[in-house]
Structures are given as C-alpha cells and as structure tokens.
Amino acid sequence: MKHIKFAALAALAVLGMTACQDDTDPKISTATEFELNTPPMVNETLVLSPEGTYTFTVSQPNYGLTLAPTYGIEVSLKEDFTPVKEGTYLNSLGEEVAIPGSVVIPLESQIHAVLSVKQSNLATAICAMRGIGTAEDYTEEDPRPLYVRATAVVANQPSTAITSNVVELKAVKEYCAIEAGTIDVDVLYNPGNANGWDFSKSMLLAATSDNVYEGYLAIDGEFKFTHQAEWSNPGNYGAGEFTENAETGVWEGELIENGGNFNGPASGLYYTIVTITNPATAADEVAGSVKMIPITSVGLIGDFNGWDLGAIVEMTPMDGFSTWKAEGVDLGDGGWKFIMNHGWDYNLGGYDNSNNMLNLVQNGGNLTGAGTRTVILDLSKLPYSARYE
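Worth saying up front: this structure is predicted, and the values here are computed from it rather than measured.

Regarding the sheet that holds strand 21 (residues 323-330)
Piece 1. The strand order 20-21-26-27 describes an open sheet built from four strands, whose pairing is antiparallel. In the strand order of this sheet, the two ends are held by strand 20 (316-317) and strand 27 (385-388), each with one partner.
Piece 2. When strand 21 meets strand 26 (residues 372-378), the two strands line up antiparallel, connected through six bridges. The residue of strand 26 that forms the bridge with Thr 323 is Asp 378.

Printed below as a string of structure tokens:
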C-alpha cells in the first residue's frame, strides 16, 4: 500500500554537541472527526426531479496536517449498506448485473466540502438498488428512507481513506430515471478509428467540473471529440496544434471547433483531460485544450501482494485497449484495486458491496477479494466496471 512520504531533514552530527532537537518532521495521522452534516428539512419528503440538485456538507477530516482530500457520496436503501435483496437483474443494456447494496453518486466537485449531487443520479441509484433495470420493470412505490455517507481520501493514498457517519433522509420519492441505462453525467464522445466512427461504440469522458472532462480512451489512429452523439456545431472538436513530449510521451494541444481529425498518438490507452474554455466559439476558433497521458500498464494491487508496487499483477488488453484481463489471480479475501503505470496517479476502486464492481471511480475505495479469480476490467463505457470469470 502506498503511503505519503515527507522529506526528512538530514541529521547533523556536530562534535561536542550536548543538546538535541525534537523531531519536527510533519506526520500524517489516521483521519478523525469526519462528519457528514444533517441537511435541513431532513424529516420532510424529498420528491426527486430530473432537473433538481441536492446539497450535503461535511467537516474536513483531521489528519493532523492541513491536507486537501477528495470527497465522495455513497447512498443505500439500508442503513448497513447491504442489498435490499440478493440476486441479479437485467439493465437497460440487456446485461445481467448484481443488485447493488450501495451506489457512489457523481459530484459536481470532489474537492470542496459542499457536496452537490444531481437528483437524477439519486433516482437512478434507487432504481438500481431496487433491481429495476428498464422502464418496463419500474413500479411506483411510496417514499422510502435513503441512507447517505461521505468518503474522503488524500492524494490517492488508500491509507488516508475515511468514511463519515450515516445520515438518514427520512422519505425520498424517486422516479423512473433509467431510460438512458447509465448514471446521468455530462460527457464528451470520442468517435474515431478505434470505434469505427460509431457514436454508439465511443468511449466517453465524464465531466469532473464545469467544462473539464476526464477518463480513459482507447486510441487507434485518427479521432475527434464531440459534445453530442452527432456532428453538430458547436461541440465538434478537432485538432489544432498537437504535439508529443518526447520524454514523457504525453500529448498536448488545442481543440478547434469543427477542426480536422486528431492524429499522432500510438495505438493504446490514454488518460485524457479535455478542458473547454470557449464552448460556443465559431468554426476554426480555439475551443479549449486536450492532454493525453499514455497508460502503459494496467494491474492489480492489494492486500494479496502487500500493496507492493513492485509486485503488481499485470493485466493484458483484450479488445482494443478498452477491456483488460488478468487470469487466475489469488486475491484472497482482503482489499485490492486497479492501478495504472505502476503508481497511484491513476487508479480505480469502488464503494459497492464486496461482490459488486459495477461502479469504478478514480481514487475509489478498496474492492474485496474473492479467492482465485480471473478479473476483467471494462473501460469501454461509463461507469467503468469489472467482473470475475
């Protein structure tokens, strides 16, 4: 497991020194005092709507130092965050998936102690936890309690992860919010050679803040970015100046409204950050920027290998770098995660129950091992997911 390391002052040995100085190096402590505050009107019925938002606030965890954590929100229909019923259901994509005991809700910002969520995402989560996968399966029910807890972690360090107290929203009425088949997030599409220029097969970048989109993309030749599953303007982004750093392999450049195709990066997987600075610009004008970090390895790390960066179990690409596989891995029964490039800058974990890996997020919580299994990681669609074979 990776730990935060602070540079220590070199010890000075001085001939004849008779006094010593206390160790004043900064030390990170186990986080304490992390509280999810009870929202106003928590005892009133909350009727969710497609356009509504809901806001939670938290106290900053006490790590013994001034640190900036990344926050998350997790919801469940049961106070112990286990499924209301065991089993599987068919989602809107026709896939058989486990009924989750809890769901991590995307935040409009993960770095502020005021946590705003879309009510549409709460409604989608409740449908999933009820085992409802299609509009045809949906049935109206009375308002129900919804249990909420917050999470915090510092700088990708699993050892700093902490979960808050649980807050109960007494009566929440959802609606059928599952027609799209995925959690409602603002996305960019990535049509290109890798997916046959087919929007329905495009990998997606999710909004992490206003007009900033991040995620994993499989690249194989030319590509573009679009804001819709069509070639409408504005929102059809092509390449401007686009160059590679010869030392790091990172590609950076401009987005041009209605510009030509991007080309240059070698075939492979890239962690991509797109920033739209001028979303309504005219054709041939600069609309923003793009940065693409090559992902040269995808692996598994956890209690089963002592969280040792030198003992990562490497995965192999299955389908154009959008899915990855590791066969016959003895995960034991402890915690584990996906890790990229042999470091913690890019990693995936989840907050679902131990047998549910349907919602993987950057800097997520540890998954739970299930003995010797073949592990499949699917980055082809949102949310990212994994499964055992």
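Brief notes about helix 1 (residues 119-130)
Piece 1. Compared with an ideal rise of 1.5 Å per residue, which puts twelve residues at 16 Å, helix 1 spans 17 Å between its outermost C-alpha atoms and is within 8% of the ideal.
Piece 2. Of all twelve residues in helix 1, twelve are buried; the element is thus mostly enclosed.
Piece 3. Within helix 1 the residues assigned to the buried category are Gln 119, Ser 120, Asn 121, Leu 122, Ala 123, Thr 124, Ala 125, Ile 126, Cys 127, Ala 128, Met 129 and Arg 130.
Piece 4. Two residues or fewer past helix 1, Gly 131 is found with a positive phi of approximately 80°.

Section: the confidence of the model for the protein chain
Piece 1. Summarising the model, the protein chain shows a mean pLDDT of 84, and 85% of its residues fall at 70 or more.
Piece 2. Within the protein chain, the lowest mean pLDDT, 79, falls on strand 5 (residues 96-98), and the highest, 98, falls on strand 19 (residues 313-314).
Piece 3. Low pLDDT, under 50, characterises residues 1-23; the predicted model gives this stretch 21 contacts beyond four residues in sequence or across chains.

A look at the pairing of strand 3 (residues 70-76)
Piece 1. The element strand 3 is largely enclosed, with a buried count of seven among its seven residues.
Piece 2. Because side chains alternate across strand 3, one face comprises the buried residues Thr 70, Gly 72, Glu 74 and Ser 76, and the other comprises Tyr 71, Ile 73 and Val 75, equally buried.
Piece 3. In this structure, strand 3 lies alongside strand 8 (residues 144-153), joined through seven bridges in antiparallel fashion. Looking at strand 8, one finds that Ser 76 is bridged to Tyr 147.

Some thoughts on unusual backbone geometry
Piece 1. At the junction of Asn 233 and Pro 234, the peptide bond is cis and its omega measures out at -5° in the coordinates.
Piece 2. Tracing the chain through its elements places Pro 234 in the loop between strand 13 (225-226) and strand 14 (236-244).
Piece 3. That bond from Leu 382 to Pro 383 is cis: its omega, -10°, falls within 30 degrees of zero.
Piece 4. Looking at where Pro 383 falls in the secondary structure, it is placed in the loop between strand 26 and strand 27.
Piece 5. Of note, Asp 284 is a non-glycine position whose phi angle comes to about 70°, a positive value.
Piece 6. Following the sequence through the fold, Asp 284 ends up in the loop between strand 16 (268-276) and strand 17 (286-295).
Piece 7. Relative accessible area serves as the criterion here: at 58%, Asp 284 is assigned to the exposed category.
Piece 8. A positive phi angle, near 55°, is found at Trp 307, a position not held by glycine.
Piece 9. With respect to the element layout, Trp 307 can be found in the loop between strand 18 (298-302) and strand 19.

Quick look at the sheet that holds strand 9 (residues 162-173)
Piece 1. Judged by pairing direction, the sheet is mixed, and its five strands sit side by side in the order 1-9-8-3-6 without closing on themselves. Pairing within the sheet leaves two strands with one partner each, and these edge strands are strand 1 (45-47) and strand 6 (102-105). Pairwise comparison of adjacent strand axes, ignoring direction, gives a mean angle of 40° for this sheet.
Piece 2. Of the strand pairs in this sheet, strand 8 and strand 9 are connected by seven bridges, and their pairing is antiparallel. Opposite Leu 146, over in strand 9, you have Leu 169 as the bridge partner.
Piece 3. Along the sheet, helix 1 makes contact with strand 1, strand 3, strand 6, strand 8 and strand 9, crossing strand 6 at roughly 160°.

The rules we used
Residues numbered from 1 in each chain as written. Predicted model: local features only at pLDDT ≥ 70, side-chain atom pairs only at ≥ 80, totals over all residues. Heavy atoms only, no water. Pairing = 2+ DSSP bridges. Helix = DSSP H or I, 4+ residues; strand = E, 2+ residues; numbered from the N terminus. Expected span 1.5 Å × (residues − 1). Buried < 20%, exposed > 50% of the residue type's maximum accessible area, 1.4 Å probe, protein only. pLDDT = per-residue confidence, 0-100. Contact = heavy atoms within 4.5 Å. Axes fitted to C-alpha atoms, helices over the stretch in contact; angles between N-to-C directions.

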